[in-house]
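Chains, contacts and geometry: an overview
Chain residues, written in single-letter form:
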Amino acid sequence: MQNGLYVFQTNFPARQPLNLLEPPDAGNVSANTPLTFRWSRVANPQIDPLKYELRFMGPSIDTTVTINGDTSYTFPHASSLCAGTYSWHIVTKDEATEVASADTFTFVRHSSVGVTSPNGGENLKVGTNAIITWNATACLDSVSIAYSTDNGTSWNAIAHRKASDLSYVWLVPNTETTQGLIRVRELNDTTLIDESDS
């Protein structure tokens, strides 16, 4: 006790900064590979925090995950991420909290849309409902749906829908043809397009 005050001395050992190992800083990560984060453990196991927080931010996510003891984490929803630049860092969780400097990486996704039905060989009856279906990679905005009665020489608009809707109920028009096609095209990137096979 000094001057009526208790003085506590703490000698926390110096902790080496965490190193972020994977994904590499400023690197590219493909949507076709697992998205795994790895970082270094502190050099002295006696001062290892045994608990970390992974903070992960970007165009389509802002999340924090607590990891007990491990120094890696595989993100389970990579297929839902949009293309773009993301940042991540690790926070140690104990009395000597330390924040690792953020790294960034670019998530590369090759977007696509595809007509799945009708996609060739179907007979659609005029005046009845037909279900148009398509697939689309994550994060596409809206699609334009159209039909052709002359094998794609000209197109008639059907509707605009969210790409994630993946289906649309269409009233088949009163125009008989043996050269009908369906087309689905992304509104903001017209290179993302697919037509039915026949």
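For the structure, check the block above.
Right, let's walk through the structure included here.

Calculation criteria
- Residues numbered from 1 in each chain as written.
- Predicted model: local features only at pLDDT ≥ 70, side-chain atom pairs only at ≥ 80, totals over all residues.
- Heavy atoms only, no water.
- Helix = DSSP H or I, 4+ residues; strand = E, 2+ residues; numbered from the N terminus.
- Contact = heavy atoms within 4.5 Å.
- Areas by Shrake-Rupley, 256 points an atom, 1.4 Å probe, with all protein chains shown as cover.
- Buried < 20%, exposed > 50% of the residue type's maximum accessible area, 1.4 Å probe, protein only.
- Pairing = 2+ DSSP bridges.
- Axes fitted to C-alpha atoms, helices over the stretch in contact; angles between N-to-C directions.
- Salt bridge = Lys/Arg side-chain N within 4 Å of Asp/Glu carboxyl O.
- Disulfide = S-S within 2.5 Å.

1. Some thoughts on the overall build of the protein chain
Of regular secondary structure, the protein chain possesses zero helices and 15 strands. Sequence separation of 24 or more characterises 60% of the internal contacts of the protein chain that already satisfy a separation of 6 or more. Here the protein chain has roughly 11,800 Å² of accessible surface; of this, 46% comes from carbon and sulfur atoms.

2. Some details on the environment of K125
One can find K125 in the loop between β9 (113-117) and β10 (129-136). With relative accessibility at 62%, the residue K125 sits in the exposed group. Spatially, the C-alpha atoms of K125 and V172 are 6.8 Å apart, while their sequence positions differ by 47 residues.

3. Regarding the pairing of strand β11 (residues 142-148)
In terms of burial, β11 is largely enclosed, as seven of its seven residues are buried. Here β11 shows two buried faces, one formed by S142, S144, A146 and S148 and the other by V143, I145 and Y147. With six bridges joining them, β11 and strand β12 (residues 156-162) adopt antiparallel strand pairing. Paired with S144 across the strands is H160, a residue of β12.

4. A look at the sheet that holds β9
Here we have three strands laid out as an open sheet, ordered β9-β10-β13, and antiparallel in their pairing. Both edges of this open sheet fall to β9 and β13 (167-171), since each of them pairs with a single strand only. When strand polarity is set aside, the average angle formed by the axes of neighbouring strands in this sheet is 30°. Of the pairings in the sheet, the one linking β9 to β10 comprises four bridges and is antiparallel in character. Counted as the bridge partner of V113 is A136 from β10.

5. Side note on unusual backbone geometry
Following E22, the chain continues into P23 via a peptide bond in cis, with omega recorded as 0°. Considering the arrangement of structural elements, one finds P23 in the loop between β1 (20-22) and β2 (27-30). One non-glycine residue, N151, lies in positive phi territory at about 60°. Relative to the helices and strands, N151 resides in the loop between β11 and β12.

6. Section: the pattern of salt bridges
Per the counting criterion, the structure on display carries two salt bridges. Close ionic contact of E22 with R38 constitutes a salt bridge, the shortest N to O distance being 2.7 Å. Of the two residues, E22 sits in strand β1 while R38 sits in strand β3 (residues 35-39), which places them 16 residues apart along the sequence. Exposure remark for E22: the relative accessible area of 29% places this residue in the partly exposed category. Here R38 falls in the partly exposed class, since its relative accessible area comes to 36%. Close ionic contact of E53 with R55 constitutes a salt bridge, the shortest N to O distance being 2.7 Å. Residue E53 is classed as buried on the basis of its relative accessible area, which comes to 13%. A residue is classified by how much of its surface remains accessible, and R55, at 30% relative accessible area, is partly exposed.

7. A short note on the sheet that holds strand β4 (residues 51-58)
The sheet built from five strands is open, its strands ordered β2-β8-β7-β4-β5 with mixed pairing. Two strands close off the open sheet at either side, each with one partner strand: β2 and β5 (61-68). On average, each strand axis in the sheet is inclined to that of its neighbour by 30°, with strand direction left out of account.

8. Regarding the state of the cysteines
Inspection of the entire model under this criterion finds one disulfide. Two residues, C82 and C139, share a disulfide whose sulfurs are 1.8 Å apart. Note on the C82 and C139 pair: the S-S dihedral is about -95°, so by sign convention the disulfide is left-handed. Highlighted residues: C82 in the loop between β6 (72-75) and β7 (84-92) and C139 in the loop between β10 and β11, separated in sequence by 57 residues.

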